[in-house]
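# Observations on the model geometry
One letter stands for each residue in the lines below.
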There are 2 protein chains.
Amino acid sequence: MQPRRATIADVAREAGVAASTASVVFSGKTPVSDATRARVMAAAAALGYTGPDPRAASLRRGRSGIVGVVFEEQLGAAFLDPVKTLMMDGLTAAVAPLGAGLLLLHDHAVLPEPAPGGSDAEFTHPSLTTAPIDAAVLIGCSPRLRESLDVLSARGIPVVVIEADAGDGVPQILLDNREAQRAAAEHVRDLGHARVVAVTLPLSAKASPGWHAPGAAITVDVTRDRLAGVRDVFPDAAAYAAGGSSIDEGLAAGRVLFADPAARPTAVLAQSDLLAAGVIRAAEEAGLRVADDVSVTGFDGVRVDGLAPYELTTLVQDAAAKGRAAGEAIAAMLDAKPPASIRLTCTFRRGNTTGPVPESGETAASRPVE
Amino acid sequence: MQPRRATIADVAREAGVAASTASVVFSGKTPVSDATRARVMAAAAALGYTGPDPRAASLRRGRSGIVGVVFEEQLGAAFLDPVKTLMMDGLTAAVAPLGAGLLLLHDHAVLPEPAPGGSDAEFTHPSLTTAPIDAAVLIGCSPRLRESLDVLSARGIPVVVIEADAGDGVPQILLDNREAQRAAAEHVRDLGHARVVAVTLPLSAKASPGWHAPGAAITVDVTRDRLAGVRDVFPDAAAYAAGGSSIDEGLAAGRVLFADPAARPTAVLAQSDLLAAGVIRAAEEAGLRVADDVSVTGFDGVRVDGLAPYELTTLVQDAAAKGRAAGEAIAAMLDAKPPASIRLTCTFRRGNTTGPVPESGETAASRPVE
DNA sequence: TTGTAGGCGTTATCAC
DNA sequence: GTGATAACGCCTACAA
């Protein structure tokens, strides 16, 4: 085993057949007689040959069987979001039939100075520029999205973008964020609510939490679109941007919202289930009864660990389907077929976290304690 | 751009140099005169050449720059665990200097019948058998661990195992689970507790939740070792196996533990922070005050989203360091150096979820309500 | 059904 | 500092 790994040529020689025949035995592309196959397999076993070297095969075929998934953030940050995780599952499933695996890639690996001859160790990092990928999936709405796209298209690598607008002819996987969020807004309006506040995802990659300034730019598509859905129904609704999508960020936002009993909203429309869970916790902290004193809606329809016994009123999206759709678009492109952009839709699901607007003066918080 | 991608030979011709020279310009392995470099770069730009084809390069070099990470479960299941996520971050960082990226691989992709000539579409899946990887990291303790190891070692691919015993000469990244858990047990013992119950991770891949049967086999190393730490101090402590590591599983376990006020423990040692968080929630549900009526410890030292204001008494492990250690072991092996197994240690951290054993009859639950 | 030939795009080696 | 040469290991026409 030490000397040198056996190659298919060795196996063929050992089996007394031509290399191409041995190759065909392994690829199965052409019928082979049982006797020949057996001889080849035996020879392979004898030599410890475990199959074609994927590196050589991919050079020859022009395909590596690897799809890159480009993240903006630390993987840790990305995968803590159940929606992205589900999406990865869907993507995994969708590329499996292609015989492809997923390679994790980072945005920031695109070096500012990719020119050769610079400092030695710097440009050896794997990246969009050098990864042996057949296609790539770009997720979300990084400020570097454009840059990544350019690098990949210069390499001639097909790309799919999930939940962001990439312009040109790049296929996208989109969600009906605005319409869906509007449905939730209509729901709380129909329940009689008027004092409504939106708790949003971040406005941009580096924005800090806080009330939206009037007219502030929102560079994150998802944030913008969902907020537009709220404003379709409540044009003047205030919006508070969370620092990310997590329970703790939602809790922080909720504390601000409920700080002043006189000015607090009767309904909170959060842009993710995790944020909604945090808002609910803040409501409990403030002595408010969810659904009775304050209604809360989420977005995503994921199972929030630890939220029981509440069941969120939310917009259910099929995150795995997003991944699958991306995988299918990739399959199409690798097949030189025109890839289709896809727009998935959310389903409104009423849970037990929304209820009729309380008559004023009737909330738990406004009643004298005990 | 349609006709054919330019190759380094095209660039060399255009620049009027030898292919090997052009290659060197891109790899930087050998000094090149500025003039030559400039000519080559110009030619490359003119032809739209974006750098060496990684497939060809990896064939030539015998390295793909890809490290496989083998999961047993759906990625979704794996990445929802913050510990694994952190570990991935550490691993990512550690392999970056190698110029390597991470390829996600599944256990179950090892086909029962890898023989060629079978049904066509079946054996095209990417897997341990065909992925173009330079090394692999196996995580946790799958029943298929052995099988995966065999496949990889037959291919001559170096392997590192995290938190499992792989026997032979496979380098491992281990944690002092037993000693660490023992420290927590000693802590609660010193606080006077005697009625102690362990809430453990699953006993095996397919075990269902419930009280440990006496003498039942524990195939998951982590579960076994941490429980041993508890038993070092409380030889007779009962143990309840959760169905996984999540808040909801901890909640379910906690409900069982606290169901009978007369028989409930005064301290619960959970094998993960998520489980501990669930137990805490169950305690609240049961009207128990955490730390006062019941002490709860966790394991991992991760930030549990939504657990505030509690700060768990727990064993802090550096999950990212596990990933880093694995990456370093890989680096060593790829360098033909002897890889070192590493044993990382946890640090005990006291939070506000443990307190002295309550005097009997003094708990909130036993007081009349009102 | 099996064998032959040629090249996929690169880079290590060594001579110049 | 640059160039010629020879693999790296495999696969796919095509011919037999």
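Right above here is the structure, for reference.
This one's a predicted model, so the numbers in the text were calculated from it and none came from an experiment. (Residues numbered from 1 in each chain as written. Chains lettered and ligands numbered in written order. Predicted model: local features only at pLDDT ≥ 70, side-chain atom pairs only at ≥ 80, totals over all residues. Heavy atoms only, no water.)

### Side note on helix H6 (residues 82-95) of chain B
All names here are of chain B. To keep things clear, this is the line we draw: Secondary structure elements follow DSSP: runs of H or I no shorter than four residues count as helices, runs of E no shorter than two count as strands, and numbering proceeds from the N terminus. Multiplying 1.5 Å by the helix residue count minus one yields the expected span of that helix. Each residue gets one of three labels from its accessible area relative to the maximum for its type: buried under 20%, exposed over 50%, partly exposed in between, using a 1.4 Å probe on protein chains only. Any N or O atom pair separated by 3.5 Å or less is treated as a polar contact, with the protein-specific requirement of one donor-capable and one acceptor-capable atom, and with residues adjacent in sequence counted only for side-chain atom pairs.
Helix length check: H6 (14 residues) gives 20 Å between terminal C-alpha atoms against 20 Å at 1.5 Å per residue, within 8%. Within H6, 12 of the 14 residues are buried, which leaves the element mostly enclosed by the surrounding structure. Within the span of H6, buried status applies to Pro82, Val83, Lys84, Thr85, Met87, Met88, Asp89, Gly90, Leu91, Thr92, Ala94 and Val95. N-cap assignment for H6: the residue whose side-chain oxygen lies 2.9 Å from the backbone N of Val83 is Asp81.

### A few points about the pairing of strand S6 (residues 196-200) of chain B
Residues and elements named next belong to chain B. In plain terms, the rule: Strands qualify as paired when DSSP identifies two bridges or more between them.
Of all the five residues making up S6, five are buried; the element is thus mostly covered by neighbouring parts of the structure. Neither face of S6 is open: one carries Val196, Ala198 and Thr200, the other Val197 and Val199, and all of them are buried. Bridge analysis of S6 against strand S9 (residues 267-270) gives four bridges, and the strand direction is parallel. Note that in S9 the partner of Val197 across the bridge is Val268. Pairing geometry for S6 and strand S8 (residues 238-241), over four bridges, is parallel. In the sheet register, Ala198 faces S8, and the bridge partner there is Ala239.

### Regarding the relation of the copies chain A and chain B
Put simply, the rule is: Copy-to-copy superposition: least squares on the C-alpha atoms, limited to residues that have pLDDT of at least 70 in both copies. Contacts: residue pairs with any heavy atoms within 4.5 Å of one another.
Under the fitted operation, chain A is carried onto chain B by 0.0 Å of movement along the axis and a turn of 180°, and the coordinates agree to an RMSD of 0.1 Å. Expressed as a symmetry operation, the mapping of one chain copy onto the other fits a two-fold axis. Closest to the rotation axis within chain A is the C-alpha of Leu103 of chain A, separated from it by 2.2 Å. When the interface residues of chain A are mapped onto chain B, 98% of them are again interface residues, pointing to one common binding face.

### Side note on the pattern of salt bridges
Rule in force here: Salt bridge, as used here, is a side-chain nitrogen of Lys or Arg placed within 4 Å of a carboxyl oxygen of Asp or Glu.
With the rule as written, the count across this model stands at 34 salt bridges over all chains. Its salt-bridge partner being Arg55 of chain A, residue Asp53 of chain A comes within 3.7 Å of it at the nearest N-O pair. Assessed through its relative accessible area of 32%, Asp53 of chain A is described here as partly exposed. Counted as one network, the salt bridges with shared partners bring together Asp53 and Arg55 of chain A together with Asp134 of chain B.

### So, the sheet that holds strand S12 (residues 342-344) of chain B
Put simply, the test is: Comment: axis = line fitted to C-alpha atoms, over the contacting stretch for helices; angle = value between 0 and 180 degrees taken between N-to-C directions.
In space, the 12 strands of this open sheet follow the order S12(A)-S5(A)-S4(A)-S3(A)-S1(A)-S2(A)-S2(B)-S1(B)-S3(B)-S4(B)-S5(B)-S12(B), with mixed pairing throughout. Each edge of the sheet is formed by a strand with only one pairing partner; in this case those strands are strand S12 (342-344) of chain A together with S12 of chain B. Between one strand and the next, the sheet's axes are offset by a mean angle of 20°, whatever the strand orientation. In terms of strand pairing, strand S4 (residues 159-162) of chain B meets strand S5 (residues 172-175) of chain B through two bridges, oriented parallel. What sits directly across from Ile162 of chain B, in S5 of chain B, is Ile173 of chain B. Packed onto the sheet, helix H7 (residues 145-154) of chain A meets strand S3 (135-139) and strand S4 (159-162) of chain A and runs at close to 175° relative to S3 of chain A.

### Things to note about the interface of chain A and chain B
Defined as follows: Take the accessible area each of two parts loses on contact, using a 1.4 Å probe, and add the two losses: that sum is the buried area. Only Asp, Glu, Lys and Arg are considered charged, only Ala, Val, Leu, Ile, Met, Phe, Trp, Tyr, Cys and Pro nonpolar, and every remaining residue, Gly among them, polar.
Taken together, the contact pairs 62 residues of chain A with 62 residues of chain B. Carbon and sulfur atoms supply 60% of the area that chain A and chain B bury against each other, a total of about 4,800 Å² over both sides. Applying the counting criterion to the chain A and chain B interface returns four salt bridges. Summed over the shared surface of chain A and chain B, the result is 10 residue pairs in polar contact (both at pLDDT 80 or more). Of all the secondary structure elements, the ones that give two or more residues to the side of chain A that touches chain B are helix H2 (19-27), helix H3 (34-47), helix H4 (54-61), helix H5 (75-79), helix H6 (82-95), strand S2 (101-106), H7 and helix H10 (247-257) of chain A. Taken together, the residues that form the side of chain A that touches chain B break down as 29 nonpolar, 21 polar and 12 charged. Of the strand pairs in this sheet, S2 of chain A and strand S2 (residues 101-106) of chain B are connected by three bridges, and their pairing is antiparallel. Bridged to Leu102 of chain A within S2 of chain B is Leu104 of chain B.

### Concerning the protein's contact with DNA strand C
Applied cut-off: A cutoff of 4 Å decides nearness: a residue is near a molecule or strand if any of its heavy atoms lies inside that distance of it.
Neighbouring DNA strand C are 22 residues, the closest being Thr36 and Arg60 of chain A together with Ile8, Tyr49 and Arg60 of chain B. A share of 62% of the atoms of DNA strand C within 4 Å of the protein falls on sugar and phosphate groups. Measuring from a phosphate oxygen of DNA strand C, one finds a backbone N or O atom of Ala18 of chain A at 2.9 Å. At a separation of 2.8 Å, a phosphate oxygen of DNA strand C approaches a polar side-chain atom of Ser23 of chain B. Mapped onto the surface near DNA strand C, the elements with two or more residues apiece are H2 and H4 of chain A together with helix H2 (19-27) and helix H4 (54-61) of chain B. It is H4 of chain B that provides the largest number of residues to the surface near DNA strand C, a total of four residues.

### A word on the sheet that holds strand S8 (residues 238-241) of chain A
The strand order across the open sheet formed by five strands is S7-S8-S6-S9-S10 (chain A), and the pairing between neighbours is mixed. This sheet does not close on itself; its edge strands, each paired only once, are strand S7 (210-211) and strand S10 (295-297) of chain A.

### Things to note about the side chain of Ser272 of chain B
Residues and elements named next belong to chain B. Note that Ser272 resides in the loop between S9 and helix H11 (273-285). Ser272 gets classed as buried once you look at its relative accessible area, which sits at 2%. Within the local environment of Ser272, its side chain forms a polar contact with the side chain of Ser245, the two groups lying 2.9 Å apart. With residues up to four places along the chain from it excluded, the contact list for Ser272 reads Leu201, Ser245, Gly298, Phe299 and Asp300.

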